[in-house]
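Residue-level structural notes
Spelled out, the chains give:
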Amino acid sequence: MSDNNENMIKIEKLKEIIDKSKKIVFFTGAGVSTESGIKDFRGKDGISKYTDIPIEILISKSYFYKHTLEFYDYYKKCFNCIDKKPNITHYFIKKLEDEGKVLGVITQNVDGLHYKAGSTNVVELHGTIYKNRCVDCGKEYTPQYVFNSEGIPKCTCGGIIKPDVVLYEESLPEKAIYEASKLVRDADTLIVLGTSLQVMPASSYVASFNGDNLVIINLDSTPFDQYADLVIHDKLSNVMEKL
Ligand code: OAD
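Now for a quick tour of the structure. Only a predicted model underlies this, so the values are computations on that prediction, with no experimental measurement involved.

In this section: the overall build of the protein chain. Along the protein chain, the regular secondary structure elements total 10 helices and nine strands. Rg of the C-alpha trace for the protein chain: 18 Å, near the compact-globule value of 18 Å for 243 residues, within the 12% margin. Here the C-alpha coordinates of the protein chain stretch approximately 60 × 35 × 30 Å along the principal axes. Considering only intrachain contacts with a sequence separation of at least 6, the fraction spanning at least 24 residues in the protein chain is 65%. Summing over all exposed atoms, the protein chain offers an accessible surface of approximately 12100 Å²; the carbon and sulfur share of this is 50%. Once the 30 positive and 34 negative side-chain charges of the protein chain are each reduced to a mean point, those two points are 3 Å apart.

If you want it as structure tokens, here you go:
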């Protein structure tokens, strides 16, 4: 059977799962935003291919404090997505939410696109570029201020401004941990979209899912494919336009 036919059969199965499910949770990664023009990290054209220093170091807490200027050079180049718009995948999730089938979205993305698409219950495991505050006095700044600043963005008090993005060596926000755990516990179906599932502890939420259907849709294979009830290796828009 050709890959195309095989995927058509899988998409029919996905439709059945979605029809039967009442409490769907989506777990998303950078792959849902590539079709909005934002590069992922570890995909074929991911940003980790364009740096000499591994991203796990470049976006770590110690690198932020020790090499703040270099951190911001990279951050401003690779994380500035304030002008990007949601795509068919973000809107598909929102549509299912409007139909009352979705409990929530757990995302590793910091781009805010699920909110821009209108989704309301979004758990941002890795924070967001939309909040930024001074490490000394806590004053908040817009992402525009941060991305348009020369060099290191500074507060009026002289302190460094830090984006509310969870860096390597930092813990996930407690509220996000609580909400994500609850969503995964309550879900009958977990649909995982556009993530390599290589980053812990985020991927542990997928590991802990104990509901009826685990679905993974991703271009490349993931370490969790073997545990899923349905795996589709395709571009998300190819799948979404057939649903
Ligand atoms: P990755 O870059 O690790 O994985 C994205 C996955 O999406 C890859 O396996 C791609 O093949 C797949 N993909 C890309 N475009 C796709 C498309 N149109 N359709 C289907 N699949 C597609 O991104 P994440 O798993 O999200 O942390 O990475 C996790 C974390 O690593 C990120 O949140 C980030 C990074 O360190 C922070 O930003 C704090």
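More follows now that the structure is in view.
Under the criterion given, the structure shown has zero disulfides. Lacking any disulfide linkage, Cys-78 is separated from the closest cysteine sulfur, that of Cys-81, by 11 Å. Taking the relative accessible area as the measure of exposure, Cys-78 reaches 28% and is therefore partly exposed. Cysteine Cys-155 shares no disulfide, and the gap to the nearest cysteine sulfur, in Cys-137, comes to 3.6 Å.

The next point concerns helix H5 (residues 88-98). Within the span of H5, buried status applies to Thr-89, His-90, Phe-92, Ile-93, Leu-96 and Glu-97. Down the axis, H5 shows its buried residues gathered within 160 degrees of arc, on one side only. Put simply, Asn-87 is the residue that caps the front of H5, since its side-chain oxygen is 2.8 Å from the backbone nitrogen of Thr-89. Directly after H5, the chain includes Gly-100, whose backbone phi takes a positive value near 80 degrees.

Spatially, six strands are ordered E3-E2-E1-E7-E8-E9 in an open sheet, and the strand pairing comes out parallel. At either end of the open sheet lies a strand with only one pairing partner, and these are strand E3 (122-124) and strand E9 (230-232). Neighbour-to-neighbour, the strand axes of this sheet turn through a mean angle of 15 degrees, independent of strand direction. Pairing of strand E2 (residues 102-107) with E3, which is carried by three bridges, proceeds in the parallel orientation. Within E3, the residue paired with Val-105 across the bridge is Val-122. Docked against the sheet, helix H1 (residues 3-20) engages strand E1 (24-28), strand E7 (189-193), strand E8 (213-217) and E9, running at close to 130 degrees with respect to E9.

The computed volume of the largest pocket comes to approximately 1100 Å³. Contributing to the lining of the largest pocket are 50 residues, with Ala-30, Gly-31, Asp-40, Phe-41 and Arg-42 lying nearest its centre. Reported here for the second largest pocket is a volume of approximately 420 Å³. Taken together, 21 residues form the lining of the second largest pocket, with Glu-124, Gly-127, Lys-131, Asp-164 and Pro-173 sitting closest to its centre. Mapped onto the lining of the second largest pocket, the elements with two or more residues apiece are E3, strand E4 (127-134), strand E6 (161-165) and helix H8 (174-186). Taken together, the residues that form the lining of the second largest pocket break down as nine nonpolar, four polar and eight charged.

Conventions we followed
- All chains use their own residue numbering, which begins from 1 and follows the written sequence.
- Confidence filtering applies because this is a predicted model: local features only for residues at pLDDT of at least 70, side-chain atom pairs given and counted only at 80 or more, and all residues used for totals across whole chains, interfaces and linings.
- Calculation of side-chain values draws on the structure's entire complement of heavy atoms; hydrogens and water are dropped beforehand.
- Each helix is a run of H or I in the DSSP string that is no shorter than four residues. Each strand is a run of E no shorter than two, and both are numbered from the N terminus.
- With the radius of gyration taken over C-alpha atoms, the globule rule is written as 2.2 Å times the number of residues to the power 0.38.
- Here, residues are in contact when the closest pair of their heavy atoms is within 4.5 Å.
- Values of accessible area rely on a 1.4 Å probe in the Shrake-Rupley scheme; residue burial ignores everything except the protein chains shown.
- In this tally, Asp and Glu contribute negative charge and Lys and Arg positive charge; neither His nor the terminal groups of the chain are included.
- Think of each charge as sitting on NZ of Lys, CZ of Arg, CG of Asp or CD of Glu.
- Disulfides are defined in this document as cysteine sulfur pairs within 2.5 Å.
- Partly exposed residues are those whose accessible area sits between 20% and 50% of the maximum for their type, while under 20% is buried and over 50% is exposed, using a 1.4 Å probe and protein chains only.
- In this description, one arc is meant: the one made by directions from the helix axis to the C-beta atoms.
- The definition of a polar contact used here is a pair of N or O atoms within 3.5 Å, where within protein one atom must be able to donate a hydrogen and the other to accept one, and adjacent residues in sequence count solely through side-chain atom pairs.
- By the convention used here, strands pair only if DSSP detects at least 2 bridges between them.
- The axes used here are C-alpha line fits, helices contributing only the stretch in contact, and every angle between their N-to-C directions lies in the interval 0 to 180 degrees.
- As defined here, a cavity is a set of points on a 1 Å grid over the protein atoms alone where a 1.4 Å probe fits but cannot get out. A pocket is an open set with protein on both sides within 12 Å along at least five of seven lines, and residues line them when an atom is within 4 Å of a point.
- Grid points are joined across faces, edges and corners, and a volume is the space filled by probe spheres set on the points.
- When residues are grouped by polarity, Ala, Val, Leu, Ile, Met, Phe, Trp, Tyr, Cys and Pro land in nonpolar, Asp, Glu, Lys and Arg in charged, and all others, Gly among them, in polar.

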